Every structure is written in structure tokens, then in C-alpha cells.
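Here is what each chain is made of, one letter per residue.
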Amino acid sequence: MSDRIQRWQAGITDVVVIGAGHSGLAMSHALSLRSIDHVVIERGEVANSWRTERWDSLRLLTPNWMSRLPGYRYEGNDPDGYMSVAEVVEFVAGYASRNAAPVHTGTTVTQVEQVAGGYRVSTSRGDWLCRALVLASGAFNVPVIPRLADGIPSDVAQLTAQRYRNPSELEDGAVLVVGASATGLQLAQEIRQSGRPVTLAVGEHVRMPRVYRGRDVQWWMLASGVLDQRIEDTDDPLRARRVPSPQLVGTPERATLDLNALQAQGIEIVGRLAGIRDDKALFSGSLRNVCALADLKMNRLLDAFDEWANEHGIATEVAPVERYAPTDVGSSPRLDCDLGKHVKTIVWATGFKPDYSWLDAPVFDRRGNLKHDRGVVDLPGLYVLGLPYLRRRKSSFIHGAEDDVNELSAHLSNYLDLTARRHVSGIAM
Amino acid sequence: MNKHETTADNGVNVEALLGAREALTEAPEAAAFKWRATSEWVSGTHSRATVDGFFGLGDEQKHRQTFQFDADHPEVFAAEDNGATPVEFILVGLAGCLSAGIASVAQNRNIQLRSVKATLEAGMDLQGILGIDDAVRNGFDGIRVHYEIDADATQDEIAALVAQSQKRSAVFDIVTNPTDVTVTTSKA
């Protein structure tokens, strides 16, 4: 290619893993155990997204005792606490150095293409040739912002959860937070605590108490097998992968974060942001129904926990059964609000998607989603890790990496063996 | 969850619906439908609308018969009351859509329905359409729907049916979210 800038070969290896977050490092660990030659390519430092793309107050949604990776676990003195961003960075970086993982930091992947016998991974520090490739570059690279954002007046500041750090960066005045996942609720709460009026636009969401019958809700999810549910056993895999993160926050008080708690703190809840017209934000009249759906689903989940506790004879070891007040929607939720005059800032907490813009291969469906079967991509020797519900409900959790990596590294190892044999027999002929 | 030993039959062909979902995922162009109606003024506030054909699955489609609807206003509006008030058609549409959804979801969840009765009420302040007060909107200030359902299911399962039906309802979406409306004219 004539327009190609100077390229040089950085190396040849069996496997390139893209991304040195917890997933990529767990895969590196599994490959090392199998003595498979590999490198881990990282655009920044280990745990880069945690270092550069998270807000200041964020803590993990899972308690410390759950934080483990293959051959590695949390060993601090606060098992029921929740790691801060700095602690997550330390945890993941500690894993990389303890494993002496072959990480190439400060190396940005610019293009991946198929070549005979494998892949060429072009980076800012030369090209790698490999037989198999693992995408572990994360599920939350690019903020998803609804198209209607185009109609927002220019005097309203817009910020994504990826760029947001703390309330002091925001202009004075009212803030509209769009999105009712863990992110939206956490940001709404701390922005409200900074004294600004906050309106929260609420679409479909997942409600959960932080602590249920005296145990962290994540303990129930893990112990009762909910987190181990496999994608192939769900009624609707596409939907399962799109479910927003549950409304949880990790605080020393183990406080429940739900729409009732936020309203008690003075936050106004409105329906999903449905349109922009005449410098007004229009909210859907579906708020009552999305709250009813979330309440019903929470109660079904708690029923399942109770049933599991009875069946396993631990109902007396935990606190009594609890149920929570239905979400209060008020008598007539507001259907619009003035932008500019009233709302000065919009914070988008409307989700993320992975970025594979550098992946030059026919592996995307018509909507641009990567086509894969539980992490095995539609192209020989190509794998993906760490996406929500990739193989199990826990797949995007730190502790969820282990099972996925064990299974996918076995698949990958088998692939290398098969292609090596074919290669060898080809030479023999 | 109830254990249903028998198979519920609500007269909904769920296999066909699930099959359509799969087929339309593969062929999104076939999923593009156009719904149509024509209307002709009769006299006073009375007009007659006709629903006959629509477009979908890549082709022109016809209803089994032509349906006609008279719309008018009641006598308290100094009108002749030759048909339901247009705003009442909105309630009719919402009930028709939600009930169809309830039957389909119930079928899919193997819940036998025995009766599904909806009562709808919408508030409206006439000061809006009469131009008395600009702060009052023309349309409804809210819609209340109550479903009384007799089915082989718990109260929560019935509530979940109705909630899921709202989530997947076209008319619920149309009345709860803004829709861009283009009206053009020509001289006959």
C-alpha cells in the first residue's frame, strides 16, 4: 500500500491479547499455564479505562470478597467493602506484575487484519503477527448517546459518564441526568448533594436492595446461582445482554440506592427522555410502567432468593424476609422541562458500547455488533472476552473472568493444536 | 411461578409471532409497515373514516373486509352525535392494543385467560381546545386504564402481563411519546 506510513515488525507470537484489563490479564494467565506464547497489547497502562475513564467517587458494585481472578484474590481487611477506582487499579496492576504478564503498555492498536495463517495486529509500535487473537479491549469504550441529542440547544452543556469526574466541574444550575442504571443514579445523587437541582430521566431499569436479609445482594446472586446462569439458557439472549446495570452503589453504609431514596433527597424523577422540541426536553409517559416492571422483577428475584434459602436450609441463618415499598411515581410526573433557561447541563448515563473500529474483518452484523458465539468470534482463531453476559451473567464482572477464560483458552489451545497439525502435515506432503 | 400442567389457549398463535420475530430480524425491510386510513367529511362535525389496506412484509396487504368508522361529537357540543368522539377512538385504540398484548404475553407465558376487561378514562380540560387558557393543553391531561383479569395466575403474574403488554404496545408508545406529524394540503 502506497499510503502506508513506515511499518516495522514488532514480533511474531502465537496469540495477541488486546487489552490489559482484568479480562486480558486473566487470559494471559491461562495462556501462560498452557505454555502458549503470547503478548498483551495495551494502549495505556494496565487497567487503563479505570485510570482514565471513571468518575472520582466510583466504587465497584461487588463487595471485596468477590474480587478474584484466576490464582489471585482480594486479601485486604475489609471483605465487605467496595473497591474505589484507585484500589481496582492497584488490584489489577498487582495481578499483572505478580503474573509477570507480557504486557506491552503505551501501544495502541491501529488496525487488525486477517493474513495467511492468522492476524496482523498493527500498532503504534510496530506490527505483530499471530495465529490467534483475543479481544479484551472492554465493553464500555464508547458512550452511547441517543440521536435526539442533536436537537439540544447549544447553551446547554453535555457530558457523558465517561468524561464526568465530579460535580465541581459542572456549571451552577439545574442538571438533567439521563439514564437510570447504577451510573445514572450514582451521578444524580452526588450532583444533588452538591446543591444543584437534579432531574433524572428514567427508562427501563433494574432495581435491587444493596443488602437483603442481612447479606449483600451480590452474595445472594452468587450463592443462588443467578450469576452463573448461562446465556444459552436465557429466553432472549439479545435482551439479556442489553439489560442495564442494577441500581447499586458501593458505600461504607451499604446503603440502598433506588428511585425512592433519590426522591427523598430532593431529586425529581421523570420518564425516559423522548424528544427535544422548542428548547424543551420531553419525557415519556411510561414512567409508571417502567417502575412497575422494575418492582415486579425485583420481587420475583427476591422470591427466588427466598425459595433458594428455604430449599438449602439457610432461611434461619439469614435475617427475615423483607419487601420494599413500590417505587413512588407521584400523582403526575412532569412531561417536559425547559432547557437552557432551567437545565444548564445534561449528563448522559445512557450506556456504552465496545469500540472495534480498528478491526478490519467481516465479523459484524448489520447493526455493527460483533458476531460471536459465547466469545468465539465468527472467524477462526478470533475470540472476545469481558462483554456483558458473554457466556454467563457474571461475564463482565471481575470474578466472572475465570470461568470464561478457562473455557475460551481451552478452545483457543485446541484451535492452535489443530491448525499446527494441519500446517505440519502440509509441509510433510 | 405457577406450574401449568395443561397448555393455555387464548386463541393467539404464539409460534407464528415468534417465527415472525425471527424472520423479521433477518429481513428488517419486511418489518417496515405503513398503516393507512382515509376520511371524508360528512356534515357538521361528522366524518367517516375508512380502513382498508396497509403495506407490510414488502407488499400491499388488504384487511379481510373494509372497516368504516363514524366520528362525531356529542350533543352537549351542539353536534349530532353520529359516532364516537375522535378522542374516544384513542381510548379504543389503546384498549385494543393493550388487550391484544395481554393475550399474546399470556399465551407465551402459558397463562390461561378467562376474561380481560378494561375500563379507560381520560381527563381533558376544554379550556384548551376552546382557546380560553393557553396554559391548558388541547389533549388529555392523563389516561387511566384499569384491567380486571380472570386468569390462572397470581396477582403479580397478572400485573406483569399488563406491564409487559404496555412495554410492547404501539399505541401506548404513540400516546406516551412525541410523534412527528406532517399534514399537507391540496386543492381538489
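In this text, all values refer to a predicted model and were calculated from it rather than measured experimentally.

So, how was this worked out
- Starting afresh in each chain, residues are numbered from 1 along the sequence in its written order.
- For this description, chains carry letters from A and ligands carry numbers from 1, given in the order in which they are written.
- Local features are withheld for residues below a pLDDT of 70 in this predicted model, meaning they are given only at 70 or higher, and side-chain atom pairs are given and counted only at 80 or more; totals for whole chains, interfaces and linings count all residues.
- Strands were regarded as paired on the criterion that DSSP finds at least two bridges between them.
- Numbered from the N terminus, helices here are DSSP runs of H or I no shorter than four residues, and strands are runs of E no shorter than two.
- In this analysis, axes come from line fits to C-alpha atoms, helices being fitted only over the stretch in contact, and the angle between any two N-to-C directions falls in the range 0 to 180 degrees.
- The cut-offs work like this: below 35 degrees is roughly parallel, past 145 is roughly antiparallel, 65 to 115 is roughly perpendicular, and the gaps in between are oblique.
- By the definition used in this description, the sense in which the near helix is turned from the far one sets the handedness, with an anticlockwise turn below a right angle giving left-handed and a clockwise turn giving right-handed.
- Contact between two residues is assigned whenever their backbone-derived C-beta positions fall within 7 Å.
- Lys, Arg, Asp and Glu make up the charged group, whereas Ala, Val, Leu, Ile, Met, Phe, Trp, Tyr, Cys and Pro make up the nonpolar group; the residues left over, Gly among them, are polar.
- We call a residue exposed when 12 or fewer other C-beta atoms sit within 10 Å of its C-beta, buried when the count reaches 20 or more, and partly exposed for counts in between; the C-beta positions come from the backbone.
- Segmentation of the chain into domains, including their bounds, is taken from an automatic or database domain assignment.

Undergrad: An account of the sheet that holds strand β3 (residues 59-71) of chain B is needed here, citing residue identities and associated values.
TA: Residue and element names in this part refer to chain B. Judged by pairing direction, the sheet is antiparallel, and its three strands sit side by side in the order β1-β2-β3 without closing on themselves. Looking along the sheet, the strands with just one partner apiece sit at the ends: β1 (38-43) and β3. Here the strands of the sheet are splayed against their neighbours by 10 degrees on average, with no regard to which way each runs. Summarising the sheet, β1 and strand β2 (residues 46-56) pair through five bridges and their orientation is antiparallel. When the bridges of β2 are listed, S39 appears paired with A49.

Undergrad: So what about the packing of helix α2 (residues 86-108) of chain B against helix α3 (residues 155-167) of chain B? Which residues, and what values?
TA: Residues and elements named next belong to chain B. At a minimum axis distance of 8 Å, the contact between α2 and α3 shows a crossing angle of 120 degrees. By the angle between their directions, the pair α2 and α3 is classed as oblique. The interaxial crossing formed by α2 with α3 has right-handed handedness. For the pair α2 and α3, contact is made by L98, G101, I102, V105 and A106 and by L161, V162, Q164, S165 and Q166, respectively.

Undergrad: Which residues make up the interface of chain A and chain B, and what values go with them?
TA: Chain A puts 13 residues into the contact, and the matching count from chain B is eleven residues. Elements with a contribution of two residues or more to the side of chain A that touches chain B: β16 (273-277) and α8 (287-311) of chain A. When residues of the side of chain A that touches chain B are assigned to their parent elements, the largest contribution, five residues, is made by α8 of chain A. Class assignment for the residues of the side of chain A that touches chain B results in five nonpolar, seven polar and one charged.

Undergrad: I'd love a proper account of unusual backbone geometry, names of residues and values included.
TA: All names here are of chain B. The phi angle at A78 is positive, at roughly 60 degrees, despite the residue not being glycine. C-beta crowding within 10 Å serves as the criterion here: with 9 such atoms nearby, A78 is assigned to the exposed category. Its identity is not glycine, yet N110 carries a phi of approximately 55 degrees, on the positive side. Structurally, N110 can be placed in the loop between α2 and β4 (113-123).

Undergrad: An account of the domain arrangement of chain B is needed here, citing residue identities and associated values.
TA: One frequently used descriptor of interface size is the decrease in accessible area upon assembly of the parts. Residue and element names in this part refer to chain B. As assigned here, chain B comprises domain 1 (13-83) and domain 2 (85-178). In this assembly, five residues from domain 1 lie in contact with six residues from domain 2. A per-class count over the side of domain 1 that touches domain 2 returns four nonpolar, one polar and no charged.

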